[in-house]
Amino acid sequence: MKKLILCAALGAMVMAPAAFAEEHVIEMRNMGSDRQSMVFEPAYLEVEPGDTVTFVNAMGVHNAQTIDGMLPEGVEGFVGDMNSDISFTASEEGLYGIKCMPHYGMGMVALIKVGDGEAPNLETAASVRHPGRARIRMADLLEQAAADPDVGS
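From a predicted model like this one, the values you see are computed outputs, not experimental measurements.

1. Quick notes on the nonpolar core
Of all hydrophobic cores here, the largest spans 22 residues; its most connected members are Phe-40, Val-53, Phe-55, Ala-64, Phe-88, Ile-98 and Ile-112. Of all elements in the fold, only strand S1 (23-31), strand S2 (37-41), strand S3 (44-47), strand S4 (52-57), strand S6 (86-89), strand S7 (94-99) and strand S8 (109-114) reach the threshold of two or more residues within this core. No other element matches the 3 residues that S8 contributes to this core. Leave out the neighbours within four places in its chain, and Phe-88 touches Asp-51, Thr-52, Val-53, Phe-55, Phe-78, Tyr-96 and Ile-112. Residues Val-109, Leu-111, Ala-119 and Val-128 belong to the second largest nonpolar core, which totals 16 residues.

2. A few points about the sheet that holds strand S5 (residues 65-66)
Sheet architecture is open: 4 strands sit in the order S3-S8-S7-S5, paired in mixed fashion. Looking along the sheet, the strands with just one partner apiece sit at the ends: S3 and S5. Direction of pairing for S3 relative to S8: parallel, over a ladder of 4 bridges. Bridge pairing in S8 places Leu-45 opposite Ile-112.

3. Concerning the pairing of S6
Side chains Ile-86 and Phe-88 project from S6 onto a buried face, and the interleaved Ser-87 and Thr-89 project onto a face without burial. The pairing of S4 with S6 spans 4 bridges and is antiparallel. Looking at the pairing, Val-53 lines up with Phe-88 of S6.

4. Points about unusual backbone geometry
The omega angle of the peptide bond from Glu-41 to Pro-42 is 0°, so this bond is cis rather than trans. Looking at the secondary structure, you find Pro-42 in the loop between S2 and S3. The phi torsion at Met-38 lies on the positive side, around 50°, for a residue other than glycine. Turning to its location among the elements, Met-38 is positioned in strand S2.

5. Describing helix H3 (residues 132-146)
With 15 residues, H3 extends 22 Å from end C-alpha to end C-alpha; this agrees with the ideal 21 Å at 1.5 Å per step. Taken together, the buried positions of H3 are Ala-134, Arg-137, Met-138, Leu-141, Leu-142 and Ala-145. For H3, the arc enclosing every buried residue in end-on projection is 140°, short of the 170-degree limit, so these residues lie on one face. For H3, the exposed residues set more than 90 degrees away from the buried face come down to Arg-135, Ile-136 and Glu-143. Looking at the buried side of H3, the elements it contacts are S2, S3, S7, S8 and helix H2 (122-126).

6. Observations regarding the environment of Val-75
Inspection of the secondary structure assignment puts Val-75 in the loop between S5 and S6. Sequence separation of Val-75 and Tyr-96 is 21 residues, and the distance between their C-alpha atoms is 9.3 Å.

7. Considerations on the confidence of the model for the protein
Here the protein averages 88 in pLDDT, and 84% of its residues register 70 or above. Confidence drops under a pLDDT of 50 for residues 4-10, and excluding neighbours within four residues, the segment shows 0 contacts in the predicted structure. A low-confidence stretch, residues 12-16 stays under pLDDT 50, and its non-local contacts, those more than four residues away or across chains, total 0 contacts.

8. Focus: the sheet that holds S4
The mixed open sheet is built from 4 strands, whose spatial order is S2-S1-S4-S6. Each edge of the open sheet carries a strand with a single partner, namely S2 and S6. Each strand axis lies, on average, 15° off the axis of its neighbour in the sheet, ignoring direction. The pairing of S1 with S4 spans 6 bridges and is parallel. Counterpart to Glu-27 in the pairing with S4 is Val-56.

The rules behind these values
- Residues numbered from 1 in each chain as written.
- Predicted model: local features only at pLDDT ≥ 70, side-chain atom pairs only at ≥ 80, totals over all residues.
- Heavy atoms only, no water.
- Core = buried A, V, L, I, M, F, W, Y, C linked by side-chain atoms within 4.5 Å.
- Buried < 20%, exposed > 50% of the residue type's maximum accessible area, 1.4 Å probe, protein only.
- Helix = DSSP H or I, 4+ residues; strand = E, 2+ residues; numbered from the N terminus.
- Contact = heavy atoms within 4.5 Å.
- Pairing = 2+ DSSP bridges.
- Expected span 1.5 Å × (residues − 1).
- Arc of directions from axis to C-beta.
- pLDDT = per-residue confidence, 0-100.
- Axes fitted to C-alpha atoms, helices over the stretch in contact; angles between N-to-C directions.

In structure tokens form, the structure reads like this:
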């Protein structure tokens, strides 16, 4: 009986992190609530390792895919199909840059910060060049990530 209780307790401890993982939704939209065109909403999101993020095509012709150079070391990127939802599980701490390929130059970008404190790939992510309006929007998103109140605590 003791072995059974011990096995159940160990199993619960192993499964506990998965039980606390959260699911987040980012909508791909032609027009945001702030009346800006071609947006991910929210464009900036903070999550924990193990959380799942789903990109939902709320309106328009969009996809979600990672931006080269804007992923934590060892994380494999993804490319979502046009007009389809896509989910990924945040596996490593750091910044994950996301774009809608057909509207990238129009500024359709998002930034997901995984974990607390300073992102280990902040400097690398900030060095990536973006076309057109994406450059301005991503700079704003990177400022939010760098201004994280957990940094330095």
